[in-house]
Amino acid sequence: MSELAIRRGAAPALAVEGLGYAYPHAPVAALRDVSLEVAPGEFVLLAGRSASGKSTLLKAACGLVPHFHGGEIEGEVRVADLDAIAAGPGELAAAVGYLAQDPETQVVSTTVAAEIELPLEMRGDEPHDRARAVEEVALALAIPHLLGRTVDTLSGGELQRVALAAALVTRPRLILLDEPTSQLDPVAGDELIWLLRRLNEEWGVAVLLAEHRLERCLAAADRVVAMEAGRVAFDGAPAEFLAWAQTADPALETPAARLFSLAGIEPLPVGVRDARQTLRGMGITHPPNRSSRRVRDPHPSDPALEAKGLWVELDRGDDVRDVLKGIDLTIRPGERVALMGRNGAGKSTLLRTAAGLHEPVAGKIEVGPVALLTQNPGDYLVRERVGDELPGEEGLAALRVVGLEEKIDADPRDLSGGERQRLALAIALAGRTEGEQLPGLVALDEPTRGMDRARKDELVALIGRLAGSVEFLSPGDKKSTRAAVVVATHDVEFASEFADRVALLGDGVVIADGPTAEILSGGWYFATEVARVLDLPGVVTPEQGAAALAEEER
Amino acid sequence: MKSAFAYQPRPWPLQSASPGAAIAYLGAIVAVAFLYSNPLVLIAAGVAAVAAGLLAGARRAVALALKMGLALALLIVVVNALVVSRGETVLARLGEWPLLGQVDVTLEAIVAGASGGLRAAVAMVAAAVYSACVDPDRVLRALRPLAGRSALTATLVSRLVPVAAADAARLRDAARLRGPGAAEVGKAPLARRLLAGSLDRAVDVAATLELRGYSLDAPRARNRRDRSRYDRRFYAIAAAVLAAAIAGKALGAEDFQTYPSIEVGFGPATLAVAAIVALSGLAPLRRKGRVSSSSRIARQSRHAEVARV
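Rules of the game
- Residues numbered from 1 in each chain as written.
- Chains lettered and ligands numbered in written order.
- Predicted model: local features only at pLDDT ≥ 70, side-chain atom pairs only at ≥ 80, totals over all residues.
- Helix = DSSP H or I, 4+ residues; strand = E, 2+ residues; numbered from the N terminus.
- Rg over C-alpha atoms; globule rule 2.2 N^0.38 Å.
- Buried ≥ 20, exposed ≤ 12 C-beta atoms within 10 Å, placed from the backbone.
- Contact = placed C-beta atoms within 7 Å.
- Pairing = 2+ DSSP bridges.
- Nonpolar A, V, L, I, M, F, W, Y, C, P; charged D, E, K, R; others polar.
- pLDDT = per-residue confidence, 0-100.
- Core = buried A, V, L, I, M, F, W, Y, C linked by C-beta atoms within 7 Å.
- Axes fitted to C-alpha atoms, helices over the stretch in contact; angles between N-to-C directions.
- Parallel < 35°, antiparallel > 145°, perpendicular 65-115°, else oblique.
- Expected span 1.5 Å × (residues − 1).

J.: So what's going on with the overall build of chain A? Which residues, and what values?
T.: Helix and strand counts for chain A stand at 21 helices and 19 strands. Its C-alpha radius of gyration of 25 Å places chain A within 12% of the 24 Å reference for a compact globule of 554 residues. Taking the principal axes of its C-alpha atoms as reference, chain A extends roughly 75 × 60 × 50 Å. Here chain A holds 554 residues, and 55% of them are scored as buried.

Below, the structure is given as structure tokens:
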């Protein structure tokens, strides 16, 4: 087929037929008899739990599987009429762009302009063509102001856009994205999804997007493909997908769909606008306006963390910047607090200061023993046996807290992602779970990156146990064993599930602090999907929403 | 935290200059330091390197390089004083030392060591200014037509070094955050973990390069001529410094000897070479744009019209 015909979209952007694949030495196949087609200009959402084969399918579509990873493959993969199994990722680079979860490892140059230009240079394009392509893709992604910067000065969101620009600069027919919003705050995440939709509409580039936070992108998709144990379990329109998920895998339901399911409303909505239209059609415009109740302090004990006028500055090499600017915050034992805010708002810095990794330049912070789990749990795991990481009685007690005592002889590398995270938390807790050294504060920094719903539910349960009456810690004195749990997170739905309080940071100061139901129902970006649908103070979860709708019916 | 030696783009002369011009300029200063042993000329070269760095905004890189360079210079002075016993002015007799034999510390050996140390310090400061002010992507692009694969390997290494440094900082933090009941993190497990992490990172970066078309046997891309309006200035100053240094040599400006006794010449040729070299440090100076009298008049009349309206 001629290149012109391919450009005009005669061939599918991606055609997969009977694809099976197993990684080298893997006991089970990652993909089994997968068949699907992505039409030119189509926006397809790839859904599924962790390890269901989404990432492997994307890697097969860009040639990394099997060319880079090895393993055994069968079936057929064609990208813009090129045989992806015969051609390597280099040959496919002109037809397909790929963006992975971690933007850090997707940049290879020092400056942004050089990074975006590299694929064109490798292809042998002329200098003036390269200059124009770089300019156009920078304008399309709204990053021309970044072209002169070095990549190590960019935020996560900016770096993700630069990596996307490098993937798009060759004008591919298909762009593959593997959880591109997992490290972004809600604002940057939403911006990226709508940017993709715009590129999809204006440039005609087909999009295949793997995501766990379906509520963020379902409304932008033309079609959903759900994977289960390496197979395609569902392939259809977003509305049909929600009906399928309702019975086949409720963990894949979006919060708005769950709200409608619980309230018995049909059809299930694919987005906020859809949900509002359905409710309006039913004559429900303003469900009863339940006034938000300020929860009085249920734990009048000594604070687990008290920050007063806390200022922290960080030296980033090229500039010294105040990251925390006079923070006042008190957290008491038993409280579950979600620390939210944009990337760079100061969430991680506050947790790291509490754990003693940064010194305040003004103000004070008083805190007892702190167990902090940073964003990369793998950093805590340095030995080849769980028991070697956590020796003795104190180690065993910490393993019991996170429910891993039976894995004491396992190699940490053989644990699942969720188990590795719990092991890292146990390492931070070890020795702080008994006697005088109970953890006053358990802090988790972005613990839900790349997590599916089932794993998030497990984490919610663990947080509840740590903040609740932790009988396994000290059966004789339940009150004193309650830890305050603070979680820095971008995931508003997760925050609505675990937190009883939300502190919203903006540019180094606390801009809102109150009960979860109040904070997460009072905005747009930092609001749950249910809150955006119903726009009711104090209603943030599907269960609360269904109760409000039931009250309206009565 | 970003390394002090990491490249920081700025629209200033040294950063804007083509890699060839910047390398010629800084290379000329280093060449003088290796051509001369006269302390006056070496100090002038050091002044030039420091001034160039400061005028190019590389304050942290210069400060750190000076600290490291002077520490190295001190080490060279000490080692030279202990190892070389030549010279007439004996300051201390330290007796018989294992391996070294009779150790006599002489003033001449100390001065000779100081001269060598100063030379090393100048080279370090110039290298730091290069690292902080010359865009490695532009250098590698300029090198690519000559050695494509080597340039790409250098690109990979230059990318992985800061990534590995960030990984090491994170691992150190995680080690500090372990509970008192967890096993201590020894240096060996930490190093193993860092190495394993670096290999994973290298695989990821290699995958990215594959996706960018690195393995393609594409026709070699032509590059734009990488020029700036400051190139002439840096090439001219580099040529002037080298010409002065060579002419100075011919005219006897290198009138410095340490053994058996110290003789330092401060003749007109030496002073002239030192002055030219020191002044070359002003090359990265930014000039504010001058407004010509005609354009000033035009601007004033426009302002007057706006005021009338």
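J.: With reference to specific residues and values, describe the overall build of chain B.
T.: A count of helices and strands for chain B gives 11 helices and 4 strands. By residue count, 38% of the 309 residues in chain B fall in the buried class. Put simply, 77% of the contacts in chain B that link residues at least 6 apart link residues at least 24 apart.

J.: How would you summarise the sheet that holds strand E1 (residues 14-22) of chain A if you had to cite specific residues and measurements?
T.: One open sheet accounts for 4 strands, arranged E2-E1-E4-E5 (chain A); its pairing is antiparallel. Looking along the sheet, the strands with just one partner apiece sit at the ends: strand E2 (31-38) and strand E5 (82-83) of chain A.

J.: Outline the interface of chain B and chain A, listing residues and values.
T.: Residue-level contacts link 53 residues of chain B with 59 residues of chain A. Contributions of two or more residues to the side of chain B that touches chain A are made by helix H6 (136-143), helix H7 (148-177) and helix H8 (187-211) of chain B. Broken down by element, the residue count for the side of chain B that touches chain A peaks at 12 residues, all from H7 of chain B. In terms of residue class, the side of chain B that touches chain A is made up of 27 nonpolar, 10 polar and 16 charged.

J.: Can you lay out the confidence of the model for chain B for me, pointing to particular residues and giving the numbers?
T.: Residues and elements named next belong to chain B. Of all residues in chain B, 86% attain a pLDDT of 70 or more, and the chain-wide mean is 84. Taken as a whole, residues 291-295 scores under 50 in pLDDT and shows 1 contact with residues more than four places along the chain or in a different chain. Counted against residues more than four places away or in other chains, residues 300-309, with its pLDDT under 50, gives 0 contacts.

J.: How would you sum up the nonpolar core? Please name residues and give values.
T.: Of all hydrophobic cores here, the largest spans 192 residues; its most connected members are Ala61, Leu174, Leu208 and Ala426 of chain A. The greatest single-element share of this core, amounting to 8 residues, is contributed by helix H7 (residues 156-168) of chain A. Discounting residues that sit within four places of it in the chain, leucine 208 of chain A has contacts with Leu14, Val38, Val44, Leu46, Leu58, Ala61, Leu174 and Leu176 of chain A. Ranked by size, the runner-up nonpolar core spans 65 residues in total, among them Val62, Ala132, Val273 and Ile276 of chain B.

J.: Explain the sheet that holds strand E10 (residues 231-236) of chain A to me, and be specific about the residues and the numbers.
T.: All names here are of chain A. Reading across from one edge, E6-E7-E8-E3-E9-E10 is the order of the 6 strands in this open sheet, with mixed pairing throughout. Two strands bound the open sheet, and with one partner strand each, they are strand E6 (96-99) and E10. Across the sheet, the axes of successive neighbouring strands diverge by a mean angle of 15 degrees, strand direction being ignored. Where strand E7 (residues 174-178) meets strand E8 (residues 206-210), 5 bridges bridge the pair, whose relative direction is parallel.

J.: Lay out the packing of helix H3 (residues 39-55) of chain B against helix H4 (residues 59-83) of chain B with the relevant residues and their values.
T.: The relative placement of two packed helices is expressed as an angle between their axes plus a distance between the axes. Residue and element names in this part refer to chain B. Two elements in contact, H3 and H4, have axes separated by 7 Å at closest approach and are oriented at 150 degrees. With respect to H4, the axis of H3 lies roughly antiparallel. Packed against H3, whose contacting residues are Val50, Gly53 and Leu54, the element H4 presents Arg59, Ala61, Val62 and Leu66 at the interface. Considered class by class, the residues forming the contact of H3 with H4 number 5 nonpolar, 1 polar and 1 charged.

J.: I'd like to hear about helix H8 (residues 186-202) of chain A, residue by residue, with values.
T.: All names here are of chain A. Taking 1.5 Å per residue, 17 residues should reach 24 Å; H8 reaches 24 Å between its end C-alpha atoms and fits that length. Those residues of H8 lying buried are Pro186, Ala188, Gly189, Leu192, Ile193, Leu196 and Asn200. If you follow the buried residues of H8, they end up packed against strand E3 (43-48), H7, E8, helix H9 (214-217) and helix H18 (492-498). Two residues or fewer after H8 comes glycine 204, characterised by a positive phi angle close to 75 degrees.

J.: Tell me about the pairing of strand E13 (residues 336-341) of chain A, residues and numbers included.
T.: Residues and elements named next belong to chain A. Burial runs high along E13: 6 of the 6 residues are buried. What you see with E13 is no split at all: Arg336, Ala338 and Met340 on one side and Val337, Leu339 and Gly341 on the other are buried throughout. Alignment of E13 against strand E17 (residues 484-488), held across 4 bridges, turns out to be parallel. Counted as the bridge partner of arginine 336 is valine 485 from E17.

J.: Pulling in residues and values, what's your account of the confidence of the model for chain A?
T.: Residue and element names in this part refer to chain A. Averaged over all residues, the pLDDT of chain A is 87; the fraction at 70 or higher stands at 91%. Ignoring residues within four places in sequence, the model shows residues 1-8, a span with pLDDT below 50, making 8 contacts including any to other chains. Segment residues 291-296: pLDDT under 50, and 7 contacts once partners within four positions in sequence are set aside and those in other chains are kept.

J.: Any details on helix H2 (residues 19-35) of chain B? Residues and values, ideally.
T.: For an α-helix, 3.6 residues make a turn, and residues three or four places apart therefore share a direction. Residues and elements named next belong to chain B. Compared with an ideal rise of 1.5 Å per residue, which puts 17 residues at 24 Å, H2 spans 23 Å between its outermost C-alpha atoms and is within 8% of the ideal. Considered for burial, the residues of H2 that qualify are Ala21, Ala22, Ala24, Tyr25, Leu26, Ala28, Ile29, Val32 and Ala33. For H2, the elements touching its buried residues are helix H1 (13-16), H3, helix H5 (107-133), helix H9 (231-250) and helix H10 (268-279).

J.: Before we move on, could you go through unusual backbone geometry and cite the residues and values that matter?
T.: A cis geometry characterises the amide bond from valine 65 of chain A onward to proline 66 of chain A, with omega recorded as 5 degrees. Among the structural elements, proline 66 of chain A can be located in helix H3 (residues 64-67). The linkage connecting tyrosine 259 of chain B with the following residue, proline 260 of chain B, adopts the cis geometry, with an omega of 0 degrees. Of note, proline 260 of chain B is situated in the loop between strand E3 (256-257) and strand E4 (263-264). Of note, aspartate 33 of chain A is a non-glycine position whose phi angle comes to about 50 degrees, a positive value. In this structure, aspartate 33 of chain A sits in strand E2. Owing to 14 C-beta atoms within 10 Å, aspartate 33 of chain A belongs among the partly exposed residues under this scheme. Phi at aspartate 81 of chain A takes a positive value of approximately 70 degrees, unusual for a residue other than glycine.

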